[in-house]
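A look at the structure
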Amino acid sequence: MAVLECVKPGAKLDQIILAVDLTVAGAVDRVLAKIQDLGYDPEIRHVNYPSGVHVLEILKDEQHKQAVDDDCLLEDWLQVRSEMNADAVHLWRGK
C-alpha cells in the first residue's frame, strides 16, 4: 500500500505522524470521544495549508534514526480509519 510516499506539512525527515484532521472529520465531539476510546492522548496542532488553517489531533509522532518498515503505524492508521471519516485520518512519513 503506497500510503506513506509523500511528505506532508509538518513531517520531517525520518518522522512518522498519525493524525486526524478535525477540520474535515465531521462531528468533532464524536471524533474526540472515539479517539479517547481508542486509547490515544492526542496533541493539537494547527497546520497552514494553501486552502487555510486546519486543526489536527496528532495521535502519534515518532522520530526514527534508523530505517523503519514501510508498514510502521499502518495497523494503527487502518484501525482509526475504520472508526471515523477515513478522509480525515492521515499517516505521513517524511522522506
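Above this text you will find the structure in question.
Okay, so let's go over this structure. (Residues numbered from 1 in each chain as written. Predicted model: local features only at pLDDT ≥ 70, side-chain atom pairs only at ≥ 80, totals over all residues. Heavy atoms only, no water.)

**Observations regarding the overall build of the protein**
When helices and strands are tallied, the protein shows two helices and four strands. Ordered by position in the sequence, the α and β elements of the protein form the string β-α-β-β-α-β. Buried positions account for 38% of the 95 residues belonging to the protein. Looking at the protein alone, contacts between residues at least 24 apart form 70% of all its contacts between residues at least 6 apart. By element, 49% of the accessible surface of the protein is carried by carbon and sulfur atoms, the whole surface being about 5,700 Å². (Helix = DSSP H or I, 4+ residues; strand = E, 2+ residues; numbered from the N terminus. Buried < 20%, exposed > 50% of the residue type's maximum accessible area, 1.4 Å probe, protein only. Contact = heavy atoms within 4.5 Å. Areas by Shrake-Rupley, 256 points an atom, 1.4 Å probe, with all protein chains shown as cover.)

**As for the side chain of Gln-15**
As for its placement among the helices and strands, Gln-15 is situated in strand 1 (residues 15-21). Taking relative accessible area as the criterion, Gln-15 reaches 5% and is therefore assigned buried.

**What to know about the sheet that holds strand 1**
The sheet built from four strands is open, its strands ordered 2-3-1-4 with antiparallel pairing. With partners counted over all chains shown, the strands left at the sheet margins are strand 2 (43-49) and strand 4 (89-93), one partner each. Adjacent strand axes in the sheet meet at a mean angle of 35°, parallel and antiparallel pairs treated alike. Taken together, the five bridges between strand 1 and strand 4 define a ladder with antiparallel strand orientation. Each bridged residue has a counterpart across the sheet, and for Val-20 the counterpart in strand 4 is Val-89. Along the sheet face, helix 2 (residues 74-83) touches strand 1, strand 3 (52-63) and strand 4 and points at about 165° away from the line of strand 4. (Pairing = 2+ DSSP bridges. Axes fitted to C-alpha atoms, helices over the stretch in contact; angles between N-to-C directions.)

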